[in-house]
Protein chains: 2
Amino acid sequence: MYRASFRCIAGCHGTHPLFTPLYRCPTCGDLLEVAHDVEALKDRSAGAWMRLFDERYKRTLWPYGSAVWGKKEWVCPDIRDDQIVSMDEGGTNLLWAERYGASLGVPDLWIKQCGNSHTGSFKDLGMTVLVSAVRQMISDGQQVRAIACASTGDTSAALAAYAAAAGIPSIVLLPRGKVSVAQLLQPIANGALVLSLDTDFDGCMAIVQRLAAEEGVYLANSMNSLRLEGQKTVSVEIVQQWDWQVPDVIIIPGGNLGNVSALGAGFDMMRALGVVSKRPRIVVAQAARANPLYLAYANNWDFTPVQAQSTLASAIQIGNPVSIRKAIRTLQAYDGIVEQASESELADASARADRTGMFNCPHTGVALAVLEKLAARGEITKDQRVVVVSTANGLKFSDFKLQYHTRQLEGIDARLSNTPIELPNDYDAVRRAIDTHT
Amino acid sequence: MYRASFRCIAGCHGTHPLFTPLYRCPTCGDLLEVAHDVEALKDRSAGAWMRLFDERYKRTLWPYGSAVWGKKEWVCPDIRDDQIVSMDEGGTNLLWAERYGASLGVPDLWIKQCGNSHTGSFKDLGMTVLVSAVRQMISDGQQVRAIACASTGDTSAALAAYAAAAGIPSIVLLPRGKVSVAQLLQPIANGALVLSLDTDFDGCMAIVQRLAAEEGVYLANSMNSLRLEGQKTVSVEIVQQWDWQVPDVIIIPGGNLGNVSALGAGFDMMRALGVVSKRPRIVVAQAARANPLYLAYANNWDFTPVQAQSTLASAIQIGNPVSIRKAIRTLQAYDGIVEQASESELADASARADRTGMFNCPHTGVALAVLEKLAARGEITKDQRVVVVSTANGLKFSDFKLQYHTRQLEGIDARLSNTPIELPNDYDAVRRAIDTHT
């Protein structure tokens with residue numbers, strides 16, 4: 001009854017079926033996006049959609065307890081339930097940052113803890129869709145030998161876990177010598193074929209794209225717009241977690257920028273179907289050392305790629321974002337702001353929030369630093385409800401935490417560092433330390 | 001209307017209020033447990049309790065969306081909602097281990113992913129109760145300067161995060177030189193006062209107990225039975241996630257053994273109130289190098305402490321468990337089995353499950369190794385529904401994973417290790433590697 005298909009984001013004529021290995025427009029080579037038959041979806045009223053999604057939310061009927069698949073009709077309606085590879089995506093805590101927010105004069109501050117998921121990042125939201133689609137393609141007789149990506153971070157972790165759960169081989173390509181085994185532990189443990197090539201990241205991308213063209217390997221990199229359909233559910237879920245009220249501001253860290261357009265797509269869908277009418281303001285937070293979107297924003301949306309410099313926010317260290325055009329379109333529609341954070345700012349903001357009970361990844365630190373700036377400037381005010389999207393689990397970034405608290409981050413003052421105090425085995429010494437420090 | 005209080009597990013006369021700093025029976029010094037007024041709780045029918053818990057489960061009404069506080073009347077009825085310190089406990093995925101289970105001949109196998117929580121372990125379930133109780137004590141005028149524990153693992157992480165969220169100082173005591181800063185990153189980031197003492201773990205325990213007695217410091221170690229009230233909700237949640245059906249077997253790793261008695265207490269409560277009638281069989285999995293409960297089981301429940309040896313399952317490296325008597329009582333009531341796993345067995349079982357999309361901590365590895373043994377011996381059969389309680393997030397144990405997959409674990413063959421393959425920047429070399437390995 002409901003239908004979705006690929007179409008070109010540049011407006012080329014025609015649509016293409018989702019269950020084919022297609023990653024770019026065959027006419028112009030631009031990105032694809034998933035287009036839903038919104039008229040068909042209007043057969044349910046806004047209230048009926050909300051009721052349906054609430055009834056399914058975190059319940060036991062497979063696969064609808066997953067907060068992605070609970071919104072299946074809006075995500076990928078043509079997939080059969082028995083092909084879905086799900087490990088309980090979404091439904092993550094929308095944490096009221098009571099103490100941290102109060103310290104900034106933003107009392108209505110909420111952190112969407114997307115990293116509290118099966119593989120520890122928001123990538124699970126999209127990967128469940130991609131791997132389920134591939135499983136259905138295989139089940140329907142298509143030849144797919146493996147799913148592959150060129151990635152060193154959360155994407156490869158999510159791919160390897162979902163592929164392993166489905167019994168589909170996964171392949172991860174990465175530049176030799178640039179990445180340690182420790183950074184790859186998730187895909188390694190999940191049995192991915194990890195190929196370390198004597199080239200750079202672009203060289204890996206070239207090879208993985210040729211594998212997709214010639215070897216029956218399905219491509220999982222972020223140009224694949226199936227993943228964005230899962231990621232857009234985070235917008236619906238944030239609103240759903242407030243009984244269908246829209247926040248005033250949403251702040252999200254941006255690198256390749258697929259998550260920005262996904263956020264917008266979720267609100268577009270809710271607005272098209274009458275579930276919400278208000279638009280939140282979308283703020284993209286970039287590391288100052290990898291800030292092409294910030295520069296475009298400051299330059300009337302005139303985009304030029306940059307050479308990204310090394311940043312603690314390694315997952316968003318991207319100078320030429322794949323989804324730049326989609327992201328600019330989203331920001332133009334959602335009264336967007338782009339702001340940047342220095343290495344010191346992101347590290348301190350992360351540490352400051354941790355002191356109130358969180359454990360944030362450095363990318364969330366970028367978003368928090370931007371929040372702090374906007375609050376200090378009065379661009380975010382105390383009456384506004386603000387959501388920060390935390391994209392990954394801090395447990396994936398123990399090196400960052402360790403170096404901060406042991407003051408080993410070059411050029412960073414780490415003024416919120418905390419270190420153990422060494423004492424003799426003496427009760428009075430302990431008592432005095434407690435008197436001094438609490 | 002509902003009431004709970006402390007009572008002595010050895011049966012000493014009298015009860016004691018929950019909101020006092022009391023950790024052991026004032027008469028005999030034995031452990032305390034929380035006793036609920038079960039007759040009062042019978043004012044609701046079993047069906048009414050199930051309906052109430054289902055209505056609250058993961059919903060938006062504070063604090064009942066937490067799967068611990070959604071069962072508040074069974075956990076800690078006297079706490080006021082505005083004193084509760086919650087970061088969305090419980091509601092973790094009950095993962096169908098389809099491929100792993102099939103490989104063992106246990107097709108109805110489910111992994112309760114307790115590590116997928118705010119601080120990455122099942123300790124959150126109990127710590128939210130303890131810290132909320134302390135917050136209420138402070139609000140009611142009691143002098144509590146800080147909450148303290150002697151711990152190097154998940155307990156200190158949970159304590160520090162919940163205390164930080166509440167704005168209550170936390171103190172972690174640990175033996176100097178035995179624990180690296182990396183192992184303490186969570187309490188350090190969350191701003192705990194970390195004191196590294198020139199003594200062993202018992203020396204730290206002695207000092208923290210004196211601090212509790214003399215300095216107005218509240219004790220958070222596992223003898224504190226408030227925490228078990230939160231932990232027991234895992235039993236209710238497992239049953240709830242199957243629409244109130246009881247599994248046949250539950251396997252849980254055991255060290256200090258508080259979680260074993262908590263598991264039993266959850267089922268006791270459900271049985272007393274008519275929510276379930278069937279008892280699951282409870283299996284405790286111990287590391288062979290720290291196996292006092294296993295030895296007691298093999299010796300007709302005659303317990304003798306042992307000197308625990310170093311094990312990869314570091315959180316259960318305990319030779320003289322605090323909750324031994326409660327645990328034996330639980331196992332006697334729930335047709336208990338205790339089995340042990342060697343270092344090789346736990347590492348390989350962990351890796352085997354990871355190959356199917358999980359990312360398990362070594363303690364879960366112990367439980368999976370025991371599952372594999374019981375399945376091989378026919379003590380678990382293919383028609384049984386089996387739950388393994390995964391107690392912590394594998395992301396906390398990256399050293400364990402790294403050493404396994406780089407074959408650096410002494411005496412362990414690591415036959416399921418996976419390592420990157422290094423290749424030149426050559427398409428044909430990549431193609432051949434894929435032909436060979438997929």
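Predicted model only: the values in this text are computed from it and were never measured.

(A) Up close: the sheet that holds strand β3 (residues 94-96) of chain A. All names here are of chain A. Strands sit in the order β3-β4-β12-β9-β10-β11 across an open sheet of 6 strands; the sheet is mixed. The open sheet terminates on both sides in strands that have one partner only, identified here as β3 and β11 (337-341). Taking each pair of neighbouring strands and ignoring which way they run, the sheet shows an average axis angle of 25 degrees. Here 3 bridges tie β3 to strand β4 (residues 109-113), and the two strands are oriented antiparallel to one another. Bridging from a neighbouring strand, Leu94 pairs with Lys112 of β4.

(B) Quick peek at the confidence of the model for chain A. Counting all residues, the mean pLDDT for chain A is 96, and 100% of those residues have values of 70 or more. For this predicted complex, the interface confidence comes out at an ipTM of 0.97, alongside a pTM of 0.97.

(C) A look at the UniProt feature "domain: Tryptophan synthase beta chain-like PALP" (unreviewed entry) in chain A. UniProt's entry tags residues 85-391 of chain A with the feature "domain: Tryptophan synthase beta chain-like PALP" (unreviewed entry), counted in the numbering of this structure. As a span, residues 85-391 of chain A carries 42% helix and 16% strand, and end to end its C-alpha atoms are 21 Å apart.

(D) Here's a closer look at the packing of helix α11 (residues 258-272) of chain A against helix α13 (residues 324-333) of chain A. Residue and element names in this part refer to chain A. Interaxial distance between α11 and α13 falls to 8 Å at its minimum, and their mutual angle equals 45 degrees. Accordingly, the angle class assigned to the pair α11 and α13 is oblique. Relative to α13, α11 is oriented so that their crossing is left-handed. Side by side, α11 and α13 meet where Val260, Ser261 and Gly264 of the first sit next to Lys326, Ala327, Thr330 and Leu331 of the second. Here the residues of the contact of α11 with α13 are counted per class, giving 3 nonpolar, 3 polar and 1 charged.

(E) Structural context of the pattern of salt bridges. For the coordinates displayed, the defined rule picks out 58 salt bridges over all chains. In this structure, Arg56(A) and Glu73(A) form a salt bridge, with 2.8 Å as the shortest nitrogen-oxygen distance. Linking Arg56(A) in helix α2 (residues 46-56) with Glu73(A) in helix α3 (residues 72-75), this pair joins segments that are 17 residues apart in sequence. For Arg56(A), a relative accessible area of 13% gives the class buried. Notably, a salt bridge pairs Glu237(B) with Lys112(B), separated by 2.5 Å at the nearest N-O pair. Placement of the pair is Glu237(B) in helix α10 (residues 233-240) and Lys112(B) in strand β4 (residues 109-113), with a sequence separation of 125 residues.

(F) Fine view of unusual backbone geometry. Here the residue pair Trp62(A) and Pro63(A) is connected by a cis peptide bond, since its omega of -10 degrees sits within 30 degrees of zero. Structurally, Pro63(A) is set in the loop between α2 and α3. Look at Trp301(A): it is not a glycine, yet its phi comes out positive at around 65 degrees. Structurally, Trp301(A) is set in the loop between α12 (292-298) and α13. In the Ramachandran plot, Trp244(B) falls in the positive-phi region, its phi being about 70 degrees despite a non-glycine side chain. One can find Trp244(B) in the loop between α10 and β9 (249-253).

(G) Just the interface of chain B and chain A, in detail. Chain B puts 84 residues into the contact, and the matching count from chain A is 83 residues. In total, about 7,200 Å² of surface goes out of reach between chain B and chain A, with carbon and sulfur atoms giving 60% of it. For chain B, the biggest contributors to the area lost against chain A are Leu185(B), Leu395(B) and Tyr427(B); these three give 10% of the whole. For the pair chain B and chain A, the number of links is 6 salt bridges. Arg176(B) is paired through a salt bridge with Glu422(A); the nearest N and O atoms lie 3.0 Å apart. Examining the composition of the side of chain B that touches chain A, we find that 7 residues originate from one element, helix α17 (residues 427-437) of chain B, more than from any other. Of the residues in the side of chain B that touches chain A, the class split is 35 nonpolar, 26 polar and 23 charged. As judged from the 3 bridges shared by strand β7 (residues 193-197) of chain A and strand β13 (residues 421-423) of chain B, these two strands associate in the parallel manner.

(H) How the structure looks around the pairing of strand β5 (residues 146-150) of chain A. All names here are of chain A. Taken across its 5 residues, β5 has 5 buried, putting it largely inside the fold. A two-sided burial pattern is seen for β5, the buried positions comprising Ala146, Ala148 and Ala150 on one face and Ile147 and Cys149 on the other. Direction of pairing for β5 relative to strand β8 (residues 217-219): parallel, over a ladder of 3 bridges. Residue pairing across strands places Ala148 opposite Leu219, the latter belonging to β8. Strand direction decides the pairing type here: β5 and strand β6 (residues 170-175), joined by 4 bridges, are parallel. Residue pairing across strands places Cys149 opposite Val172, the latter belonging to β6. Each parallel crossover has a hand, and for β5 linked through helix α6 (residues 154-166) to β6 it is right-handed.

(I) Main features of the packing of aromatic side chains. One pass over the structure, following the stated rule, counts 18 aromatic pairs over all chains. Where Tyr297(A) meets Trp301(A), the ring centres are 5.5 Å apart and the plane angle is 65 degrees; that geometry is what we call edge-to-face. For the pair Tyr23(B) and Tyr218(B), a centre-to-centre distance of 5.4 Å together with 65 degrees between the ring planes defines the contact as edge-to-face. Within this pair, whereas Tyr23(B) is found in the loop between β1 (4-8) and β2 (32-36), its partner Tyr218(B) is found in strand β8 (residues 217-219), the two being separated by 195 residues in sequence. Under the relative-accessibility criterion, Tyr23(B) is labelled buried at 11%. Given a relative accessible area of 1%, Tyr218(B) falls into the buried group. Ring pairing ties together the aromatic residues Tyr2(A), Trp49(A), Phe53(A) and Trp74(A), which thus form one cluster. The ring of Tyr427(B) is capped by Arg210(A), whose NZ or CZ atom sits 3.7 Å from the centre of that ring.

Conventions used here
- Residues numbered from 1 in each chain as written.
- Chains lettered and ligands numbered in written order.
- Predicted model: local features only at pLDDT ≥ 70, side-chain atom pairs only at ≥ 80, totals over all residues.
- Heavy atoms only, no water.
- Pairing = 2+ DSSP bridges.
- Helix = DSSP H or I, 4+ residues; strand = E, 2+ residues; numbered from the N terminus.
- Axes fitted to C-alpha atoms, helices over the stretch in contact; angles between N-to-C directions.
- pLDDT = per-residue confidence, 0-100.
- UniProt positions renumbered as here; feature names shortened; annotations may be inferred.
- Parallel < 35°, antiparallel > 145°, perpendicular 65-115°, else oblique.
- Left-handed = near helix turned anticlockwise from the far one by under 90°.
- Contact = heavy atoms within 4.5 Å.
- Nonpolar A, V, L, I, M, F, W, Y, C, P; charged D, E, K, R; others polar.
- Salt bridge = Lys/Arg side-chain N within 4 Å of Asp/Glu carboxyl O.
- Buried < 20%, exposed > 50% of the residue type's maximum accessible area, 1.4 Å probe, protein only.
- Buried area = accessible area lost by both parts, 1.4 Å probe.
- Right-handed = clockwise from strand over helix to strand, strands pointing away.
- Phe/Tyr/Trp six-rings, centres within 6.5 Å; stacked < 30°, edge-to-face > 60°.
- Lys NZ or Arg CZ within 6 Å of the ring centre and 35° of its normal.

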